[in-house]
Amino acid sequence: MRLAGKVAIVTGGAQGIGRAIADGLAAEGARLVIADLKGAEEAAARYAGGVGLTVDVASEADTLSMAEETVARCGRIDVLVNNAGLYATLQMRPFDEIPVDEWRRVMDVNVLSMFLTARAVVPRMRETGGGAIVNISSGTPFRGVPLLLHYVTSKGAIVAFTRALARELGGVVRVNCVAPGFTLSEGVKQHPEVVEALQAASVAARTIKRDQVPEDVVGAVVYLACSESSFVTGQTIVIDGGQFFH
């Protein structure tokens, strides 16, 4: 198993893509820490030695506590998957109709959170010789998807954040990014209007003509978290079935 003896934190790991990622890391031997606003303890109970922590990833105090509690209960931090984010609950609308408070909230949850979690865990990773951070972005910044400007902007920022932080950390802590296409996750399926607006168009634009599911993301995350990618940092892998807009 490629992650035996490693401790991995997955933010937003209680459902959807985060839960699939946690399953994949656990299958490779990692001990899981699920950090989420809701359902963290229940989700963590799925895994041997799993730890569930209620965390607001946009809170400096919560992210510091997350790192401290992980080390106290698990002894170390080897992997951080920054998966938590806002998407399915956002209304598609012209940019000049997006409320300023909503814009700020998206930036806090989708971007500020990654700064806070990285700042909290990197010192812990350095103490044990290094680690790997995998940030979850989106394919939308590469295509300029309209009517979700705050979301697309936040996900583009994650790509830049990944590249710059990787350079700064110099390989002691590797930092990479995975950018999924439109994914039929648990959270997305709870919003039929989002599925209706995006599902058919996304499948039609793909080279691989099928729906994307959370499990499609797992292999890349596991690869970037383990030693097989020891010479890979600052990179973004787009996983969208070869999606192109004409």
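Criteria and cut-off values
Residues numbered from 1 in each chain as written. Predicted model: local features only at pLDDT ≥ 70, side-chain atom pairs only at ≥ 80, totals over all residues. Heavy atoms only, no water. Pairing = 2+ DSSP bridges. Helix = DSSP H or I, 4+ residues; strand = E, 2+ residues; numbered from the N terminus. Axes fitted to C-alpha atoms, helices over the stretch in contact; angles between N-to-C directions. Contact = heavy atoms within 4.5 Å. Expected span 1.5 Å × (residues − 1). Parallel < 35°, antiparallel > 145°, perpendicular 65-115°, else oblique. Left-handed = near helix turned anticlockwise from the far one by under 90°. Nonpolar A, V, L, I, M, F, W, Y, C, P; charged D, E, K, R; others polar. Core = buried A, V, L, I, M, F, W, Y, C linked by side-chain atoms within 4.5 Å. Buried < 20%, exposed > 50% of the residue type's maximum accessible area, 1.4 Å probe, protein only. Salt bridge = Lys/Arg side-chain N within 4 Å of Asp/Glu carboxyl O.

Draft legend 1. Focus on the sheet that holds strand 1 (residues 7-11). In space, the seven strands of this open sheet follow the order 3-2-1-4-5-6-7, with parallel pairing throughout. Looking at strand neighbours, the two that pair on one side only are strand 3 (51-54) and strand 7 (236-239), the edges of this open sheet. Ignoring which end each strand starts from, the neighbouring axes of this sheet average 15° apart. Sheet contacts for helix 9 (residues 215-225): strand 4 (79-82), strand 5 (131-136), strand 6 (173-180) and strand 7; angle to strand 6, the most-contacted strand, approximately 170°.

Draft legend 2. Highlighting helix 4 (residues 100-127). Across its 28 residues, helix 4 extends 40 Å between first and last C-alpha, which sits within 8% of the 40 Å expected from 1.5 Å per residue. G129 occupies a position one or two residues after helix 4 and carries a positive phi of about 100°.

Draft legend 3. Highlighting the packing of helix 1 (residues 16-27) against helix 9. Running from N to C, helix 1 and helix 9 point in directions that differ by 50°, and their axes come no closer than 9 Å. Relative to helix 9, the element helix 1 lies oblique. In the packing of helix 1 onto helix 9, the handedness of the crossing is right-handed. Contacts from I17, A20, I21, G24 and L25 of helix 1 reach helix 9 at E215, V217, V218, V221, V222 and A225. Tallied by class, residues from the contact of helix 1 with helix 9 come to nine nonpolar, one polar and one charged.

Draft legend 4. Expanded view of the packing of helix 3 (residues 60-74) against helix 4. At their nearest, the axes of helix 3 and helix 4 sit 8 Å apart, and the two run at 30° to each other. Our classification of the angle between helix 3 and helix 4 gives roughly parallel. Crossing angle aside, the handedness with which helix 3 passes helix 4 is right-handed. Between helix 3, through E60, T63, L64, M66, A67, E68 and V71, and helix 4, the contact on the second element is made entirely by L116, T117, R119, A120, V121 and R124.

Draft legend 5. How the structure looks around helix 3. Helix length check: helix 3, at 15 residues, gives a terminal C-alpha distance of 21 Å against a target of 21 Å (1.5 Å per residue), a fit within 8%. Buried residues along helix 3 sit in contact with strand 1, strand 2 (31-36), strand 3 and helix 4. The positive-phi residue at the C-terminal boundary of helix 3 is G75, with phi of around 90°.

Draft legend 6. The arrangement of the nonpolar core in detail. Of all hydrophobic cores here, the largest spans 30 residues; its most connected members are I21, L25, L32, I34, V81, V178 and V221. At the level of secondary structure, the elements contributing two or more residues to this core comprise strand 1, helix 1, strand 2, helix 2 (40-44), strand 4, strand 5 and helix 9. Looking at this core, the element that brings in the most residues is helix 9, giving seven residues. Of all hydrophobic cores here, the second largest spans 29 residues; its members include V51, L53, A120 and A166.

Draft legend 7. Spatial organisation of the pattern of salt bridges. Scanning all chains against the criterion turns up nine salt bridges. In this structure, the salt-bridge partner of R73 is E69, at a minimum N-O distance of 3.7 Å. Taken together, the positions of R73 and E69, both in helix 3 and four residues apart, correspond to about one turn of that helix. The partly exposed category is assigned to R73, whose relative accessible area is 42%. By relative accessible area, which is 30% here, E69 ends up partly exposed. Between D216 and R210 there is a salt bridge, with the nearest N and O atoms lying 2.8 Å from each other. Take D216: its relative accessible area is 24%, and that puts it in the partly exposed class. The partly exposed category is assigned to R210, whose relative accessible area is 42%. By sharing partners, the salt bridges in this structure join R2, E28 and E228 into a single network.

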